[in-house]
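Reading the structure
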Number of protein chains: 2
Amino acid sequence: MKIAVDAMGGDYAPEEIVLGAIHAVREYKYDVVLVGDEQKIRRVLQQYDAKESERLSIVHASEVIEMGEHPVQAVRKKKDASIVVATRLVRDGQCEAVVAPGSTGAAVTAALLGLGRIAGIERPCIATPIPSKKGITVLLDSGANSNSKPKHLVEAAIMGSHYAKYILGIDKPQVGLLNIGEEVTKGNELCQRTYPLLEKLKTISFYGNVEGRDIPNGTVDVVVCDGFVGNVILKFGESMAMFIYRLVKQAIKNSGFIAKLGALAIYPALKSLKKRLDFTEYGGAPLLGVNGSFIICHGSSKAKAIKNAIRVAGELVQQDVTGHIRNSIEEEGVQEYDSES
Amino acid sequence: MKIAVDAMGGDYAPEEIVLGAIHAVREYKYDVVLVGDEQKIRRVLQQYDAKESERLSIVHASEVIEMGEHPVQAVRKKKDASIVVATRLVRDGQCEAVVAPGSTGAAVTAALLGLGRIAGIERPCIATPIPSKKGITVLLDSGANSNSKPKHLVEAAIMGSHYAKYILGIDKPQVGLLNIGEEVTKGNELCQRTYPLLEKLKTISFYGNVEGRDIPNGTVDVVVCDGFVGNVILKFGESMAMFIYRLVKQAIKNSGFIAKLGALAIYPALKSLKKRLDFTEYGGAPLLGVNGSFIICHGSSKAKAIKNAIRVAGELVQQDVTGHIRNSIEEEGVQEYDSES
């Protein structure tokens, strides 16, 4: 299986992206196609003594979409941008998944225009794994859309449920609707209209309303919400986790001599804590609902995050998550909800 | 100055509430009126060897609104509920502020019905102080409303700015609009319609859009958002902070013998960290925009949180935050925005 990786995307491209790919082909059975400036990529490969091969190849792309560019305009204009070319490789059957670090907007647009949506899905959305007491809570939509309608949350519930089942290995994932109280009548109009639709679904297990605290508590496996809310939570949570982590380190530093001795001993523990809190460790966030496997990575992704994203991209293909979503959408007949939303 | 405290509200009433009041009258110059079941309150006072006095008195209320009750129905029906009586004491001029632990819904309803809104304010809202790199970021609305309109965010910006200035002592508080990107054109309809209104304000300093990460980063002093979003963030943040704190403790515990010795030494540092992360330490969340000073406390508030809330309630009165809000609203002529929102 070949996975196309946009080698030019993100803050540390191409060095860290290429390095992540080198590690990935060593550890996993997936082949990687690095898409981007051929010369630059080749230079990084040489730097790490890695050779081009059937398992680790390059497809040249002459353009790059920068972080600040307008996603739709940039994707339309730059036909030879690395993210556009990578997506095209999947559309044309030369690769089976895309790993896209860098501008989320450009990645979503490239996927929507290049791969199209699964029949019956109106709004593909981003599923982000968030660390929780029980391991991971999947939050979606975490930013592909900013004005979600009830139908879109229904789609998100179905897609998130399949992601949790086939990628996280949770047998019967519980899906919660993010709200400001547990009672059925709580919340804004979006929640009140979405709740009865989720109750009717046959292919997922709907838990009911959950609150903000239920995300770190791991009350359910999948939390669905409007893309605006999801994006705010995600950015708040990442930043809060790193803020607290730094406070802990600072507290240890400031606590005197004996404490410093102790601190040396607990640094390994702290390091593993940091790893657990690092949202990027989990291998990126899949864009679900497009015709193909597509992983979006943080702009700040380094080699390890890229390697993990390649693994998850491969698993998405192997487990045929797209196919399972397609079947569920057909079985539920989600299209019927169109008029209600 | 007399502050009415609902002694029957919250998970630890009346013990912790009464104990908080005892500490408050000892530490601060404010007098406290404990409102609730006279016998029960008196028993707790005796238990702690505290005497009823001019500075710490009791006003009997025979009813209590429980956490699960429907706020509006309960406040209307139970005329002698402790929160209703406490609010009435302020309305009738016998006290100058209310401290309300327990059901947020019941407290907001009691304040709206009992005190009424400041002229020109359509939606009073809850301002919550959130720990940040720079100290505190004020988030509002953090849950009084769940379908905010542009006008309501304008009101929130003005109210939050005065709270930051007069209670947190920030000279020219910067106010940000919570969004999913920094660009003016970003976000949902609410944000896009609110941005130009905030730009026009004369009495506050509008920074522009901020993202979820800017709350812990302390990029601005005040962050305004829809009450649904604010409530979700608040509950998510509290729970995330405690989750991480427990992970740190666990990591130290699990890290072997030498680390344990070190851990003993760093426990004081951890304790002060926990304090910094404890949202309740800051003395509750004011309900701004009603005719009077009104502090809402977490249902899980213990004595210390109550004591702090009494102090903040006193400061709200002394600094005349309500008066400053009233003046700003008049100066801005916020009513004019009615037609736009």
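See above for the structure.
The paragraphs below set out a description of the structure included in this document. Each chain carries its own residue numbering, running from 1 in the written order of its sequence. Each chain takes a letter, starting from A, and each ligand takes a number, starting from 1, following the order in which they are written. In keeping with the predicted nature of the model, local features appear solely for residues at pLDDT of at least 70, side-chain atom pairs appear and are counted solely at 80 or more, and the whole-chain, interface and lining totals rest on all residues. For side-chain calculations, the full set of non-hydrogen atoms in the structure is used, while hydrogens and water are omitted.

**Quick look at the relation of the copies chain A and chain B**
What counts here: Superposing the copies works by least squares over the C-alpha atoms of residues that have pLDDT at least 70 in both of them. Whether two residues are in contact is decided by their heavy atoms, any of which lying within 4.5 Å being enough.
The operation relating chain A to chain B is a screw motion whose rotation component is 180 degrees, with 0.0 Å of axial translation and a residual RMSD of 0.0 Å. Taken together, the rotation and translation describe the operation of a two-fold axis. When the interface residues of chain A are mapped onto chain B, 100% of them again lie at the interface, so the same face is used by both copies.

**Observations concerning the pattern of salt bridges**
All names here are of chain B. Let me state the cut-off plainly: Any carboxyl oxygen of Asp or Glu within 4 Å of a side-chain nitrogen of Lys or Arg constitutes a salt bridge here. Starting at the N terminus, helices and strands are each numbered in turn, a helix being any DSSP run of H or I of at least four residues and a strand any DSSP run of E of at least two. The buried label goes to any residue with under 20% of its type's maximum accessible area, the exposed label to any with over 50%, and the partly exposed label to all in between, with areas taken from a 1.4 Å probe on protein chains only.
Throughout the structure, instances matching the rule amount to 25 salt bridges over all chains. The partner of Arg193 in a salt bridge is Glu189, with the nearest N and O atoms 3.3 Å apart. Pair noted here: Arg193 and Glu189 are both in helix α7 (residues 189-200), with a separation of four residues, about one helical turn. Arg193 gets classed as partly exposed once you look at its relative accessible area, which sits at 34%. Each member of the salt-bridge network shares a partner with another, and the members are Lys2, Asp31, Glu54 and Arg55.

**Brief notes about the pairing of strand β2 (residues 31-36) of chain B**
Residue and element names in this part refer to chain B. Quick note on the threshold: We treat two strands as partners when DSSP finds at least two bridges between them. Consider the strands pointing away from the viewer: the crossover is right-handed when the path from the first strand over the helix to the second runs clockwise.
Burial analysis of β2 places six of its six residues in the buried class, the great majority of the element. Two elements, strand β1 (residues 2-6) and β2, share five bridges in a ladder whose sense is parallel. Directly across from Asp6, in β2, lies its bridge partner Val35. Handedness of the β1-helix α1 (residues 15-27)-β2 crossover: right-handed. Relative to strand β3 (residues 56-60), β2 runs parallel, the two sharing five bridges. Along β3, the bridge assignment pairs Val33 with Ser57. For the segment spanning β2, helix α2 (residues 38-47) and β3, crossover handedness is right-handed.

**Comments concerning the nonpolar core**
Let me state the cut-off plainly: We define a nonpolar core as any set of buried Ala, Val, Leu, Ile, Met, Phe, Trp, Tyr and Cys residues linked to one another through side-chain atoms lying within 4.5 Å. Where each domain starts and ends follows an automatic or database-derived domain assignment.
Grouped together as the largest cluster of nonpolar side chains are 180 residues, with contacts concentrated most on Leu34(A) and Leu34(B). If you count residues domain by domain, this core takes at least three from each of domain 1 (1-121 + 289-341) and domain 2 (122-281) of chain B.

**Quick word on the sheet that holds strand β6 (residues 128-132) of chain A**
Residue and element names in this part refer to chain A. Going by this rule: Axis definition: a line fit to C-alpha positions, over the contact stretch in the case of helices; interaxial angles, taken between N-to-C directions, run 0 to 180 degrees.
Pairing is mixed across the open sheet formed by five strands, whose spatial order is β6-β7-β10-β8-β9. Each edge of the sheet is formed by a strand with only one pairing partner; in this case those strands are β6 and β9 (205-210). Here the strands of the sheet are splayed against their neighbours by 30 degrees on average, with no regard to which way each runs. When β6 meets strand β7 (residues 135-140), the two strands line up antiparallel, connected through five bridges. Residue pairing across strands places Ser132 opposite Gly135, the latter belonging to β7.

**Observations regarding helix α5 (residues 104-115) of chain B**
Residue and element names in this part refer to chain B. We count it as follows: Helices are assigned an expected span. That span is 1.5 Å times one less than the residue count.
The end-to-end C-alpha distance of α5 is 16 Å, a good match for the 16 Å that 12 residues give at a rise of 1.5 Å each. Those residues of α5 lying buried are Ala106, Ala107, Val108, Thr109, Ala110, Ala111, Gly114 and Leu115. Two residues or fewer past α5, Gly116 is found with a positive phi of approximately 75 degrees.

**Some remarks on the side chain of His152(A)**
Looking at the secondary structure, you find His152(A) in helix α6 (residues 150-166). Filtering out sequence-adjacent residues up to four positions away, His152(A) remains in contact with Glu122(A), Arg123(A) and Asn147(A).

**Regarding the interface of chain A and chain B**
Note the cut-off: Each of two parts loses accessible area, computed with a 1.4 Å probe, when they are put together; buried area is these two losses added.
At the junction of the two partners, chain A supplies 47 residues and chain B supplies 47 residues. The junction of chain A with chain B conceals about 4400 Å² of combined surface from both sides, 79% of it contributed by carbon and sulfur atoms. It is Ile180(A), Phe228(A) and Phe236(A) that lose the most area in chain A upon contact with chain B, and together they represent 16% of the buried surface on that side. Our enumeration of links across chain A and chain B arrives at two salt bridges.

**Focus: the packing of helix α1 (residues 15-27) of chain A against helix α11 (residues 303-318) of chain A**
All names here are of chain A. The criterion, for reference: Orientation labels follow simple angle bins: below 35 degrees gives roughly parallel, above 145 gives roughly antiparallel, 65 to 115 gives roughly perpendicular, and whatever is left gives oblique. Working rule for handedness: look at the near helix, and if it is turned counterclockwise from the far one by less than a right angle, call the crossing left-handed; if clockwise, right-handed.
Contact geometry of α1 with α11 gives a least axis separation of 7 Å together with a crossing angle of 45 degrees. Here α1 is positioned oblique relative to α11, judged by the angle of their axes. Considering the relative orientation of α1 and α11, their crossing is right-handed. Taken together, the residues of α11 that come into contact with α1 (itself represented by Glu16, Ile17, Leu19, Gly20, Ala21, His23, Ala24 and Glu27) are Ala303, Ile306, Lys307 and Ile310.

**A look at the packing of aromatic side chains**
We count it as follows: Pairing of aromatic rings covers Phe, Tyr and Trp, the last counted by its six-membered ring, and requires centre-to-centre distances within 6.5 Å; plane angles under 30 degrees mean stacked, over 60 mean edge-to-face, and any other angle means tilted. Lysine and arginine charges are scored as sitting over a ring when NZ or CZ, respectively, is within 6 Å of the ring centre and within 35 degrees of the ring normal.
Taken as a whole and judged by the stated rule, the model has five aromatic pairs over all chains. Ring geometry for Tyr195(A) against Phe206(A): centres 5.1 Å apart, planes inclined by 75 degrees, an arrangement best described as edge-to-face. Taken together, the residues span a long stretch of sequence, with Tyr195(A) in helix α7 (residues 189-200) and Phe206(A) in strand β9 at a distance of 11 residues. Just as Tyr195(A) is buried, Phe206(A) falls in that class too. Their ring planes at 55 degrees and their centres at 6.1 Å tell us that Phe236(A) and Phe236(B) sit as a pair that is tilted. Of this pair, Phe236(A) sits in helix α9 (residues 227-253) while Phe236(B) is found in helix α9 (residues 227-253), placing the two residues in two different chains. Phe236(B) carries the same exposure label as Phe236(A), and that label is buried. Between the NZ or CZ atom of Lys302(A) and the centre of the ring of Tyr12(A), over which it lies, the distance is 4.8 Å.

**Things to note about the sheet that holds β2(B)**
Residue and element names in this part refer to chain B. Across the sheet, which stays open at both edges, the seven strands sit in the order β3-β2-β1-β4-β12-β11-β5 with mixed pairing between neighbours. In this open sheet, the two edge strands, each paired with only one partner strand, are β3 and β5 (125-126). Sheet topology places β5 next to strand β11 (residues 285-288); two bridges connect them, and they run antiparallel. What sits directly across from Cys125, in β11, is Leu288. The sheet contacts of α2 involve β2 and β3, and relative to β3 the element is tilted by about 160 degrees. Where helix α6 (residues 150-166) meets the sheet, it contacts β5 and β11, and its direction lies at approximately 135 degrees from that of β11.

**Looking at the environment of Lys51(A)**
Locating Lys51(A) in the fold gives a position in the loop between α2 (38-47) and β3 (56-60). Between the C-alpha atom of Lys51(A) and that of Arg326(A), which follows or precedes it by 275 residues, the distance is 39 Å.

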